[in-house]
Amino acid sequence: MAFKITVLTLFPELFPGALSASLTGKALEKGLWELETVNIRDFATDKHKTVDDTPAGGGAGMVMKPDILGSAIEKALHQSMGKIIYLSPRGKSLTQALAKSLAQENHLVLLCGRYEGVDQRVLDEWNIQEISIGDYVLTGGEIPAYVLIDACVRLQEGVLGDVESLNEESFSNGLLEYPQYTRPQMWKNRQIPEVLISGHHEKIKHWRLSESQKLTKERRPDLWLNYLSKEEKYHEYLTKI
Ligand code: 4GY
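Heads up: these notes are all about the structure in this document. (Residues numbered from 1 in each chain as written. Predicted model: local features only at pLDDT ≥ 70, side-chain atom pairs only at ≥ 80, totals over all residues. Heavy atoms only, no water.)

Taken together, 18 residues surround the ligand, and among them Y115, I133, G134, Y136 and L138 come closest. G134 has a polar backbone atom sitting 3.1 Å from a nitrogen atom of the ligand. Computed on the free molecule, the ligand has an accessible area of 390 Å², of which 94% lies beneath the protein chains in the complex. Broken down by secondary-structure element, the contributors of at least two residues to the shell around the ligand are strand 5 (83-93) and strand 7 (129-132). Element by element, the count of residues in the shell around the ligand is highest for strand 5, at four residues. Grouping the amino acids of the shell around the ligand by side-chain chemistry returns ten nonpolar, seven polar and one charged. (Near = heavy atom within 4 Å. Polar contact = N/O pair within 3.5 Å; in protein donor to acceptor, adjacent residues only side chain to side chain. Areas by Shrake-Rupley, 256 points an atom, 1.4 Å probe, with all protein chains shown as cover. Helix = DSSP H or I, 4+ residues; strand = E, 2+ residues; numbered from the N terminus. Nonpolar A, V, L, I, M, F, W, Y, C, P; charged D, E, K, R; others polar.)

Attention now goes to the packing of aromatic side chains. Taken as a whole and judged by the stated rule, the model has two aromatic pairs. With 5.2 Å between their ring centres and 65 degrees between their planes, F15 and Y146 make a pair best called edge-to-face. Here Y146 lies in helix 5 (residues 142-153) and F15 lies in the loop between strand 1 (3-9) and helix 1 (22-29), a separation of 131 residues in the sequence. When sorted by exposure, F15 lands in the same class as Y146, which is buried. (Phe/Tyr/Trp six-rings, centres within 6.5 Å; stacked < 30°, edge-to-face > 60°. Buried < 20%, exposed > 50% of the residue type's maximum accessible area, 1.4 Å probe, protein only.)

Rendered as structure tokens:
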């Protein structure tokens, strides 16, 4: 059964959007994943198609109405107990590990908020998991939905070619990617590092690992400490005494 994504949004025209290009687009055409959009506005019941209202207790902006969202969610869940996710800066961080776990679900239902967000009772009613793509505030959940979908779709079987699949190891080892080069060998007086044209595969492997470690140490001390504790703490300890 193909990996199914249902996006609940006020802007269904944004999908598949960027996801129709390249590997994710090819995979969609091949039926390796399935995309369904539900237009939240279709469930509005008044003649103005109202989907939002002012916040209880006062304050700026508008809140998405629970009754309308509830109908949209019930439609999305017809015949499938999909996992519902709300994209929000309050959520737990989207990591490669979380993407791997979500990629194993059969059906994800992604709720995209706008304005000040959705009525809390909707999140409580379905015990909806909140996921954040990072510590910044966007105008809606649609771009975070692209991000989550892309991260999960590329993990589906058959989406990446063999060559790209091998490369998958890189973030999974907890380190940042080593620098990549291609021809020409000399460009603007800059050479490709000698070792990479040596044809010496062991030396290349060692160079890449050490570049990955150096970059991770410099740029992402958080990842570096985690890497050390997982794979090297014991070794580090032995060499220091
Ligand atoms: N950051 N990670 C994010 C976001 C927009 C108003 C609630 C984020 O996931 N989502 O900034 N979302 C807001 C827009 C409703 C979500």
